[in-house]
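# Tertiary structure, described
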Amino acid sequence: MAGVKALVALSFSGAIGLTFLMLGCALEDYGVYWPLFVLIFHAISPIPYFIAKRATYDSDATSSACRELAYFFTTGIVVSAFGFPVILARVAVIKWGACGLVLAGNAVIFLTIQGFFLVFGRGDDFSWEQW
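Residue numbers restart at each chain and count upward from 1, following the sequence in its written direction. Restriction of local features to residues with pLDDT of at least 70 applies here, the model being predicted, together with a cutoff of 80 or more for giving and counting side-chain atom pairs; totals for whole chains, interfaces and linings are based on all residues. Excluded from the side-chain calculations are hydrogens and water; all other atoms, namely the structure's heavy atoms, are used.

The secondary structure content of the protein amounts to five helices and zero strands. The linear arrangement of helices and strands in the protein, starting from the amino end, is α-α-α-α-α. In the protein, once contacts between residues fewer than 6 apart in sequence are set aside, the share between residues at least 24 apart is 62%. Total accessible area on the protein stands at roughly 8,300 Å², and carbon and sulfur atoms take up 69% of it. Every helix listed is a DSSP run of H or I at least four residues long, and every strand listed is a run of E at least two residues long, numbered separately from the N terminus. Note on definitions: a residue-residue contact is assigned when non-hydrogen atoms from the two residues lie within 4.5 Å. In this description, accessible areas are obtained by the Shrake-Rupley approach with a 1.4 Å probe, and a residue is regarded as covered only by the protein chains that are shown.

Here it is, written out as structure tokens:
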């Protein structure tokens, strides 16, 4: 039952993050939908981890080159997701208030993704690998 509560909490957290992102785009003062491109970064951020998880068979090792490369690519994707709205605000495509809302949404969504892997990535009976 604890897994279901965690799943509901993560769903709520993801909805809050997407609400921040949509507010940064759809409020009347802002009205520009360019920041929605960060959704691409949200979608592709777990992909390097999935590939590294499948490619490395030795789960007892503390570190492997494949896993470290996946962490590097994931870090690059996350930094790009935070940098994209700042660049858009810097060149005056979006306003700074919209940038702040998008950055808040990014933080919440990426913490939700990390929480998902922390809660469901342990390999116990209730894990995402069984879905």
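Here the narrative resumes.
This part takes up the UniProt feature "transmembrane region" (unreviewed entry) in the protein. Under the local residue numbering, the UniProt record ascribes the feature "transmembrane region" (unreviewed entry) to residues 6-25, 32-51, 71-93 and 100-121. Within residues 32-51, the helical portion is 60% and the strand portion 0%, while the C-alpha atoms at the span's ends are 34 Å from each other. Structurally, residues 71-93 comprises 87% helix and 0% strand, and the distance from its first C-alpha atom to its last is 31 Å. UniProt positions are given in the numbering used here, feature names are shortened, and annotations may be inferred rather than shown by experiment.

Attention now goes to the packing of aromatic side chains. By convention, a stacked pair of Phe, Tyr or Trp rings (six-membered ring in the case of Trp) has centres within 6.5 Å and planes under 30 degrees apart, an edge-to-face pair has planes over 60 apart, and any other such pair is tilted. Evaluation of the coordinates by the stated rule reveals seven aromatic pairs. Seen from their ring centres, Phe 116 and Phe 117 are 5.6 Å apart, and the 80° between their planes marks the pair as edge-to-face. Judged on exposure class, the residue Phe 116 and its partner Phe 117 are both buried. Taken together, the ring pairs connect Tyr 49, Phe 50, Phe 116 and Phe 117 into an aromatic cluster. Between buried and exposed lies partly exposed: a residue is buried under 20% and exposed over 50% of the maximum accessible area for its type, with that area taken using a 1.4 Å probe on protein chains only.

What follows covers helix α4 (residues 65-90). Each helix should span, by expectation, one fewer than its residue count multiplied by 1.5 Å. In this model α4 runs 36 Å from its N-terminal to its C-terminal C-alpha over 26 residues, within 8% of the 38 Å that 1.5 Å per residue would give. A bend of about 25° at Gly 83 is the largest found in α4, and the proline Pro 85 appears one to four places after it. Residues of α4 that are buried include every one of Arg 67, Ala 70, Ile 77, Ala 81, Pro 85, Leu 88 and Ala 89, and no others. Buried residues in α4 make contact with α2 (38-44), α3 (47-55) and α5 (96-120). The angle separating two fitted axes, one through the seven residues that finish at a residue and one through the seven that start at it, defines the bend at that residue.

Before going further, it helps to examine the packing of α3 against α4. Each axis is a line fitted through C-alpha atoms, and for a helix only the stretch in contact is used; angles between axes span 0 to 180 degrees, taken between their N-to-C directions. At their nearest, the axes of α3 and α4 sit 8 Å apart, and the two run at 175° to each other. On the basis of the axis angle, α3 is roughly antiparallel to α4. Taking contact as the criterion, the partners of Pro 48, Tyr 49, Ala 52 and Ala 55 in α3 are, on α4, Cys 66, Arg 67, Ala 70, Tyr 71, Phe 73, Thr 74 and Ile 77. If an angle is under 35 degrees, it is roughly parallel; if it is over 145, roughly antiparallel; if it lies from 65 to 115, roughly perpendicular; otherwise it is oblique.

One can find Phe 110 in helix α5. Judged by relative accessible area, Phe 110 falls into the buried class, the value being 10%. Separated by 68 residues in sequence, Phe 110 and His 42 have C-alpha atoms that sit 7.3 Å apart. Dropping the residues within four chain positions of it, Phe 110 is found in contact with Phe 41, His 42, Ser 45, Val 78, Ala 81 and Phe 82.

Here the focus is the environment of Phe 20. As for its placement among the helices and strands, Phe 20 is situated in helix α1 (residues 2-26). When its relative accessible area of 30% is taken as the criterion, Phe 20 is described as partly exposed. A C-alpha to C-alpha distance of 6.6 Å links Phe 20 and Ala 104, two positions 84 residues apart in sequence. Phe 20 has contacts with Leu 101, Ala 104, Gly 105 and Val 108, leaving out every residue within four places of it along the chain.

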